[in-house]
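# Commentary on secondary and tertiary structure
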Amino acid sequence: MTAVSPVKPSLLRVETNPRLLGFKSTDELEPIDSPIGQDRALGAIRFGSSIDQPGYNLFAIGPQGTGRHSAILSYLRAKAADEPAPYDWVYVHNFAIAHKPQAMRLPAGIAVRFKDAMKVLVDDLRVAVPALFQSDEYREKRGAVDAEFEDLQDQAFEGLRKKAEAQNVAILRTPMGFGLVPTSDGQVIKPEVFNALPEQQRAAIEKRISELQDDLQAVLERLPLLQKEHRDRIRKLNADLAGALVDTSINTVVGKFEGISEIQQRLTEVRKDIVERAEIFLERPDGESSSPFPETFSSQGPDPRFNRYLVNVMVANDGDGDRRGAPLVTEDHPTLAHVVGRIEHVSQFGALVTDFTMIRPGALHRANGGYLVLDARKVLSEMFCWEALKRALRSETVTIVSAAEQLSLVNTVSLEPEPIPLKLKVVLIGERVLYYLLNSLDPDFADLFKVEVDFDEELTRTEENSRLYANLIATIARKHKLRPLNSAAVARVIDEAVRFAEDADRLSLRVGWLADLLREADFWAQHAKRKTITGRDVERAIAEQIHRSDRMRERSHEAVTRNIVLIETDGEAVGQINGLSVVGLNNFSFGRPTRITARTRMGSGKVVDIERETKLGGPLHSKGVLILSAFLSANFALDMPMSLWASVVFEQSYGGVEGDSASSAELYALLSALADVPIQQSLAVTGSVNQYGQVQAIGGVNEKIEGFFDICNTRGLTGKQGVLIPASNITHLMLRPDVVAASRKRKFNIYPVETISQGIETLTGVPAGKRGRTGEFPKGTVFDRVEARLREYAMTRKQFGDSKTESTAQGEDR
């Protein structure tokens, strides 16, 4: 029999020595400016943000709380500050196609100045142009043109009038237009008098009127031409008069933006349109009441008619002021409109109207030329946002579209802003599962996000890294304006980080969790009126965290101690063992013992997993049970068919069972039932097993041990109690101090096992047995009894089959 010695108490909890940290208070430590233990991720950030090639956007993966956001933003903020400010972008009215606003690229820092200059230009013209057209010079020239038109009109009618008078016909203006009527001695002949005239005389008069009617029609047809000529003359007069004024105003703007060809071209187009449409400066807006003051001094409020000359700033980068460098943009609510921009509308007379001044930028516009940081899960959860982002990155342009357009809910003509060229780095931050799902399911993903930024959640525990971790603690404390920590407090925090990592050789890099612990320790230090956070404050913070969350643990523990849930911690039983599981609730988990039982009899070689049969077992648990069957078939009664029927069940389990960490315990129970050898109930077991009988590491080993310890401690420690764990889990041990103290007193022991043979010997006190040269197990060993029982089942099954065959043959003879 190979005895398994308990794990040494010194290995159950490897604590940090405060003296080895080399300081008394975190005030002595220098803050760190980059996350520790993230060399891989930082290298990926440097590479992805620096390579100037399409598709090299970044996807940062890792658990929440590892400092992904802060590390990325900190690096990119410093990098962006040293880069040149990108171009400004504005939208202006398209004089040729009004519903397709034009995008203008301007040097950094120019957009706002250009917008203000155009606003001043329009406001000045709205005052100066009306004043100009009220001048005596303009009125004189306008009067001359009007008089000339009236003379031409009068001349046309005067010639016709004289001709008509000579033929005793008059021209009358009626509400329906012009008419011709006969006269006599200068007086219009009344209808009844005309009808009384001889027919021959009436015919002559009607003939004259008909001939004059043709002349009148010719004059009337000429009037629109005269009116058009009049309008053209007036327009030319207005343009000539306004041109000089507009040139003076626009030249002022031109001088402010010399050397910027885009603005010079725009001002040329604006001058042409203003001169051609000078009349709008003389018209009052609809519904505007007359001012009691002269118009040149009236209020210059907003007027949508003049929006065509304004500038809508989409992106403004201050190349010379306080906001130097490339933009770094984060969008916490990445809807389609917030990412690609939107077009707003206002209600007018029951209809929704818009123009280019209501185009609003999205995150892609604001980040153009710099960096955009988004949460991957939020982007994927918003309708159309993911596809819009991919479309922008593929085309390298930003096109503003609405969700209504995507769904084909709007068929009316709306604005179609010119797409803006796009050049930026997009950084998505998400969990690993999102990254791998997108990589496998989205064919565009790998081409657009070629840089994987993998944040590690653990750091190797060494003396050097422990001191570096102390610097991290000091940095967090200063950032959040907490009290300094003494060395004992830092050591206790490091120990808790080891436990949180579930590995004695690792330190957790969950910066979010660490910051929460420090804030709560600071609170308890304040409560105790201490100026420094001590180890007692950290211990209090940890205890309070557990107390706030352990109601379910207490109820589970109480159910066992009251014998509602049947768990034995003393004595022995055949086919019965204490398994261990972990219950996770939010950020708190605890261990819970569960009775596992096994029953056997002759059968067809099937091990029944009752959890699976009732659909309470998950696939991993079912896999573990199938491994048990494979272990039995490969190790016992090799020359005979497996003739076993066995059932394994988690007693008093009313929920789902998943995982294979209880497979070794299930195998021990089966071996006990087959060998009819009792198992010590003072021991509990955790660990998975493979087909070769090797016990494999599992998770949650600390919680499982402590869960069984709490039950035993409540009932009274006898020195016989303990837990069997996989030997490979020793490196994961970071048990509570009270468990370590009990182990040091030999009141509670932790047994590391490597094989099923070691485990069954420890549980039963009977040697497991090993095949000798004859191929048989030593007599009286556990494995010998198991094989004997399986042979017995096989022989009984054979005899049962032979007797059934003989009875069938005798029946056929009769």
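Residues numbered from 1 in each chain as written. Predicted model: local features only at pLDDT ≥ 70, side-chain atom pairs only at ≥ 80, totals over all residues. Heavy atoms only, no water.

### Some words on the sheet that holds strand β7 (residues 312–315)
Across the sheet, which stays open at both edges, the three strands sit in the order β3-β2-β7 with antiparallel pairing between neighbours. Each of the sheet's edge strands pairs with one partner strand only, and the pair in question is β3 (102–106) and β7. On average, adjacent strands in this sheet sit at an angle of 30° to one another, irrespective of strand direction. Where strand β2 (residues 88–92) and β3 come together, five bridges link them in antiparallel fashion. Bridged to Asp88 within β3 is Leu106. The sheet contacts of helix α8 (residues 261–276) involve β2 and β3, and relative to β3 the element is tilted by about 140°. (Pairing = 2+ DSSP bridges. Helix = DSSP H or I, 4+ residues; strand = E, 2+ residues; numbered from the N terminus. Axes fitted to C-alpha atoms, helices over the stretch in contact; angles between N-to-C directions. Contact = heavy atoms within 4.5 Å.)

### Side note on the pairing of strand β1 (residues 58–61)
Because side chains alternate across β1, one face comprises the buried residues Leu58 and Ala60, and the other comprises Phe59 and Ile61, equally buried. Inspection of the sheet shows β1 paired to strand β16 (residues 425–430) by four bridges, in the parallel sense. Bridged to Ile61 within β16 is Gly430. Of the strand pairs in this sheet, β1 and strand β17 (residues 451–454) are connected by four bridges, and their pairing is parallel. Paired with Ala60 across the bridge in β17 is Val453. (Buried < 20%, exposed > 50% of the residue type's maximum accessible area, 1.4 Å probe, protein only.)

### Overview of α8
Between its terminal C-alpha atoms α8 stretches 23 Å, which fits the 22 Å expected from 16 residues at 1.5 Å a residue. For α8, the complete set of buried residues consists of Ile263, Arg266, Leu267, Val270, Asp273, Ile274 and Val275. (Expected span 1.5 Å × (residues − 1).)

### Quick word on the sheet that holds strand β13 (residues 371–375)
Neighbouring strands of a sheet are bound in pairs by backbone hydrogen bonds; such pairs are parallel or else antiparallel. In space, the five strands of this open sheet follow the order β8-β13-β16-β1-β17, with parallel pairing throughout. Edge positions in the sheet fall to β8 (328–330) and β17, since each of these pairs with one other strand and no more. Neighbouring strand axes in the sheet, compared pairwise and without regard to direction, differ in orientation by 20° on average. This element, helix α2 (residues 39–50), spans β1, β13, β16 and β17 of the sheet and lies at about 150° to β17. Those strands touched by helix α14 (residues 432–441) are β1, β16 and β17, and its axis lies near 140° from that of β1.

Without other data, these values stay purely geometric and don't point to any function.
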